[in-house]
Amino acid sequence: MIVADELRLDSTSICAALLHDVIEDTPATAADIAEMFDETMAQLVEGVTKLNKMFFSSATAAQAANFRKMLFAMTNDVRVILIKLADRLHNIRTLQFLPPVKQKYVARETIEIYAPLAHRLGINKVKSELEETSFRFLQPEKAQEISEFLNQAGLEGDQKLKEAMDQIQSHLKEVNIKAELSGRPKQAFSIYNKMLKYNTDLAGLYDFLGIRVITRSIKDCYAALGTVHKYWKPIPGRFKDYIAVPKPNMYQSLHTTVIFDGKPLEVQIRTEEMHRIAEEGIAAHWDYKASGKDSTPDYKEKLSWLRNLIDWYQEVKDASEFMETVKVELFQYHVYVFTPKGEVIELPNGSTPIDFAYMIHTDVGHRCMGAKVNGHIVPLEYRLKNGDIVSIITSKTQKGPSRDWLKIVGSASARRKIRVWLKKEFRDEYIITGEREFLETFSKMGGDRETEKTFKTNAFAAKVKDLGFPSVEELYAGVGAGEVRAQQVIGKLFPELVVKTAPKEGRQTRREKQRNRRDKGPRIIVGGLEDTLIKVSRCCNPIPGDEIIGYITRGRGVTVHKKDCPNARNLVSDTENRLIDVHWDMGIPDEAEPIGEYLAKVRVETTDRKGMLNSVTSVIANQGVNIHSATAKTTKQKTGLLDFSVEVRDSNSLDSLIRAISRLIGVTKVYRLENQSGKK
């Protein structure tokens, strides 16, 4: 009924919705559906069918694989995701019948993935209901508090709204503009986010009042805007013209906020067609072959973010990292910048001119040597802001991207294109280093020489190809480029190595094993020297994965710093002859041991609200990270400052933790502290 009545899709979509659980819950197959109906119907049902969880090592891996499968199906036929959203909307409406633990899991997944996905597709009515219902299950007390506040303020607010609507309607009639007016629904989840954004309570928020004006034409939209501004004073900086510059999800409207009777009043002005698209998004454009139209509507060009996600999945083999990227890409953390010709480019928040260059064209990115923003030359690490006009300076002599760009860029798409170029440019080097790392890892995991001899056989090449690598060389190149972990691939090729029984002397407490590992010192290899005393510098506290540099000290061996440590930079300039190459030997982490080997300090800046510390510590625990120590305090500005010393394996696990914490509602900033003094 949601597919038919609320999204108003075609008959094929309705049939596929009726059959959506058939493959998952009955012996019927996609081939059976194709035979009884047609191939299109089979593809739609197959696209929304979950994969069997028994094939996955974790819930995250299953979630990632199912989401990837749905994205692929969606590129061929967007009705797959529309049916899936209808299915999720029905699940949310009946969530009260599930156990509390399951309720929170489904609500969390909905608010993190499916609601943002509906937003990116422009289906506002689905997005709003998914958010509101999920919010009530995730934070029932806060939702109840906001609901009661709105009910108490309801009578006064409704009266003010009616007065404003009557006055606007009267003024529009004076200039012969026909329009329908309605109040804008108040969303508890939206209000909650505003409370966090502005660090205020409910009493401190005023813009609960909102009006929608639906006109007959674009000309009337702008005329209505002029009329509203004539009688009420607009608030500077609160006007947005999404008609001239539509959002990437096709949303068009004029937004302005004016002062009415001493309080802010938001007015949205749009045409009837714009309002339909605002509510139904891509579903409003769906007219699949019913009227003889092409089966590939032009809205597919609006889905570049979807192609970026799929491209990213090709590169990232780790399920957790893929789902982290999905959540970041889907959320509304984006900036909108302009080309010199006035075209709007959407980029993830934190993007640089390099990301912009690669979004224009891969070759523009490769040949980028500088950039201008708003007419001024800026460094390539400049973080773009909404409304920036960006032009890229290119050079035919530019050989290609630098490896350092991987640390600068903010988009998965640019990072993938840079890695592809680097892998091609340094292919031979990556193959050599990757093969060496693969063989060393195989040996450390307990692999024998006889098996190692088979690595050059056709049988081994066939096994590698089954994993998705075109050849053994491509596997080695991937390991050398850091695209895939050798241990992960070996675990799939030789699962017996993963389940080998641990030696008896390894039966110690987790704390004892951790302490013993630390006593052996960091896993650092010093070029050209053996049995060298190694000391990790406390000024920057490097962890595996950080770029490091070694400094030979008199009588104290080699001191290891992060390459970007200020002290290390002084050493580079003063004592070049005492520097030595060092690098991490990542070794084989004990997968059964969840506690990390290295301490890293993380600072979390938050809004000052009840339960914030508990929320952050819960996320850390869910990431499988142990907290070594923690401090919490409130600043004079009524913000929270949480410092954690956590045990991590390497920089990748630390980055994953920081990303997870940053997605929490109420967290304003998360970053790593390099030392005890609080320096970033």
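Everything here concerns the structure above.
About the cut-offs
- Each residue is numbered by its place in its chain's sequence as written, counting from 1.
- Per-residue local features of the predicted model are confined to residues with pLDDT of at least 70, and side-chain atom pairs are confined, for both listing and counting, to 80 or more; whole-chain, interface and lining totals are unaffected and use all residues.
- Hydrogens and water molecules were not included; the side-chain quantities draw on all heavy atoms of the structure.
- Runs of E in the DSSP output that reach at least two residues are strands. Runs of H or I that reach at least four are helices, and both are numbered from the N terminus.
- Whether two residues are in contact is decided by their heavy atoms, any of which lying within 4.5 Å being enough.
- Calculation of accessible area relied on Shrake-Rupley with a 1.4 Å probe; when residues are assessed, cover is drawn exclusively from the protein chains displayed.
- Note on aromatic pairs: the rings of Phe, Tyr and Trp (six-membered ring only in Trp) are paired at centre separations within 6.5 Å, and the planes decide the class, stacked below 30 degrees, edge-to-face beyond 60, tilted for the rest.
- Any helix carries an expected span of 1.5 Å times its number of residues minus one.
- Each residue is placed in one exposure class: buried if its accessible area under a 1.4 Å probe, protein chains only, is under 20% of its type's maximum, exposed if it is over 50%, and partly exposed if it falls in between.
- Here a strand pair is declared whenever DSSP counts at least two bridges between the two strands.
- An axis is simply a line fitted to the C-alpha atoms; with a helix, the fit covers only the stretch in contact. Between two such axes, the angle follows the N-to-C directions and lies from 0 to 180 degrees.
- Definition used for salt bridges: Asp or Glu carboxyl oxygen within 4 Å of a side-chain nitrogen of Lys or Arg.
- Only four residue types enter the charge count, namely Lys and Arg as positive and Asp and Glu as negative; His and the chain termini do not.
- We define a polar contact as two N or O atoms separated by no more than 3.5 Å, with the added condition that, inside protein, one atom must be a possible hydrogen donor and the other a possible acceptor, whereas residues neighbouring each other in sequence contribute only through side-chain atom pairs.
- For classification purposes, an angle smaller than 35 degrees is called roughly parallel, one larger than 145 roughly antiparallel, one from 65 to 115 roughly perpendicular, and anything else oblique.
- Residues are sorted three ways: Asp, Glu, Lys and Arg are charged, Ala, Val, Leu, Ile, Met, Phe, Trp, Tyr, Cys and Pro are nonpolar, and all the rest, Gly among them, are polar.
- For the purposes of this section, nonpolar cores are sets of buried Ala, Val, Leu, Ile, Met, Phe, Trp, Tyr and Cys residues that join through side-chain atoms within 4.5 Å.
- Left-handed describes a crossing in which the near helix is turned anticlockwise from the far one by less than a right angle; the clockwise case is right-handed.

Draft legend 1. Structural view of the overall build of the protein. Along the protein, the regular secondary structure elements total 29 helices and 20 strands. Considering only residue pairs separated by 6 or more positions, the protein has 67% of its internal contacts joining residues 24 or more positions apart. Of the accessible surface of the protein, which amounts to about 35800 Å², a share of 51% is contributed by carbon and sulfur atoms.

Draft legend 2. Just the packing of aromatic side chains, in detail. Under the counting rule described, the total for this entry stands at 10 aromatic pairs. An aromatic cluster of at least three residues, connected via ring pairs, comprises F438, F442, F455, F460 and Y476.

Draft legend 3. Structural context of helix α19 (residues 412-425). Helix length check: α19, at 14 residues, gives a terminal C-alpha distance of 20 Å against a target of 20 Å (1.5 Å per residue), a fit within 8%. Judged by how many residues are buried, α19 sits mostly within the fold: 10 of 14 residues are covered.

Draft legend 4. Broad picture of the environment of I620. Note that I620 resides in helix α28 (residues 612-622). Measuring from C-alpha to C-alpha, the distance between I620 and V646 comes to 8.8 Å, with 26 residues separating the pair along the chain. Residues contacting I620, with those up to four places away along its chain left out, are V625, I627, F644, V646, L657 and I661.

Draft legend 5. Region of the structure containing the sheet that holds strand β17 (residues 598-607). Across the sheet, which stays open at both edges, the four strands sit in the order β18-β19-β17-β20 with antiparallel pairing between neighbours. At either end of the open sheet lies a strand with only one pairing partner, and these are β18 (626-634) and β20 (667-673). Within the sheet, the average angular offset between the axes of one strand and its neighbour, ignoring direction, is 20°. Of the strand pairs in this sheet, β17 and strand β19 (residues 639-648) are connected by 10 bridges, and their pairing is antiparallel.

Draft legend 6. How the structure looks around the sheet that holds strand β3 (residues 240-241). Spatially, the five strands line up as an open sheet ordered β1-β2-β5-β4-β3, and their pairing is mixed. Because the sheet does not close on itself, it has two edges, and the strands there are β1 (179-183) and β3. In the packing of helix α13 (residues 272-280) onto the sheet, contacts are made with β2 (210-215) and β5 (263-271), and the angle to β5 comes to roughly 105°.

Draft legend 7. Spatial organisation of unusual backbone geometry. Located in the positive-phi region is R8, a residue other than glycine, with phi close to 55°. Its location among the elements puts R8 in the loop between α1 (2-6) and α2 (11-18). Judged by its relative accessible area of 47%, R8 falls in the partly exposed class.

Draft legend 8. Geometry of the pattern of salt bridges. The final tally for this structure, using the stated rule, is 15 salt bridges. For E109, the salt bridge is made with R88, and the minimal N-O distance between the two is 2.8 Å. With E109 in helix α8 (residues 100-120) and R88 in helix α7 (residues 79-93), the pair connects residues that are 21 residues apart, well separated along the chain. Just as E109 is buried, R88 falls in that class too.

Draft legend 9. Spotlight on the side chain of R212. Within the element layout of this structure, R212 appears in strand β2. Despite its burial, R212 pairs with no opposite charge; the closest candidate is E279, at 4.4 Å N-O. A polar contact is formed between the side chain of R212 and the side chain of Q268, at a distance of 2.9 Å.

Draft legend 10. Region of interest: the packing of helix α20 (residues 427-444) against helix α23 (residues 472-480). The interhelical angle for the contact between α20 and α23, taken along N-to-C directions, is 90°, at an axis separation of 6 Å. Relative to α23, the element α20 lies roughly perpendicular. For the pair α20 and α23, the contacting residues are R427, Y430, I431, T433, G434, E435, E437 and F438 in the first and E473, E474, L475, Y476, A477, V479 and G480 in the second. Counted by class, the contact of α20 with α23 contains seven nonpolar, three polar and five charged residues.

Draft legend 11. Geometry of the environment of L225. Positionally, L225 belongs in helix α12 (residues 218-231). Here the alpha-carbon distance between L225 and V267, two residues 42 residues apart in the chain, equals 8.8 Å. Sequence-distant contacts of L225, defined by excluding residues within four places in its chain, comprise F239, L254, T256 and I269.

Draft legend 12. Geometry of the nonpolar core. Membership of the largest hydrophobic core comes to 48 residues, with the highest contact counts inside it found for L85, L130 and I146. Of all the secondary structure elements, the ones that give two or more residues to this core are α1, α2, α5 (39-48), α7, α8, α9 (124-138), α10 (140-174) and α11 (188-197). Setting aside chain neighbours within four positions, we find L130 in contact with L85, R88, L89, I92, T110, Y114 and A115. Membership of the second largest hydrophobic core comes to 24 residues, among which are A164, A179, V228 and I243.

Draft legend 13. Focus on helix α16 (residues 353-360). Counting buried residues along α16, six of its eight residues qualify, which places the element largely inside the surrounding structure. For α16, the full list of buried residues reads P353, I354, D355, F356, A357 and Y358.

Draft legend 14. Region of interest: the environment of K535. Position of K535 relative to the elements: it lies in strand β12 (residues 534-536). Given a relative accessible area of 49%, K535 falls into the partly exposed group. Sequence spacing of K535 and G550 is 15 residues, and the spatial spacing of their C-alpha atoms is 9.5 Å. For K535, the residues in contact, after removing those within four places along its chain, are V558, T559 and V560.

Draft legend 15. View of the packing of α7 against α9. As a packed pair, α7 and α9 sit with axes 10 Å apart at the nearest point and diverge in direction by 30°. When the interaxial angle is binned, α7 and α9 end up roughly parallel. Handedness of the α7/α9 crossing: left-handed. Facing α7, whose interface residues are L85, R88, L89, I92 and R93, α9 presents V126, E129, L130, T133 and S134. Its residues placed into classes, the contact of α7 with α9 shows five nonpolar, two polar and three charged.

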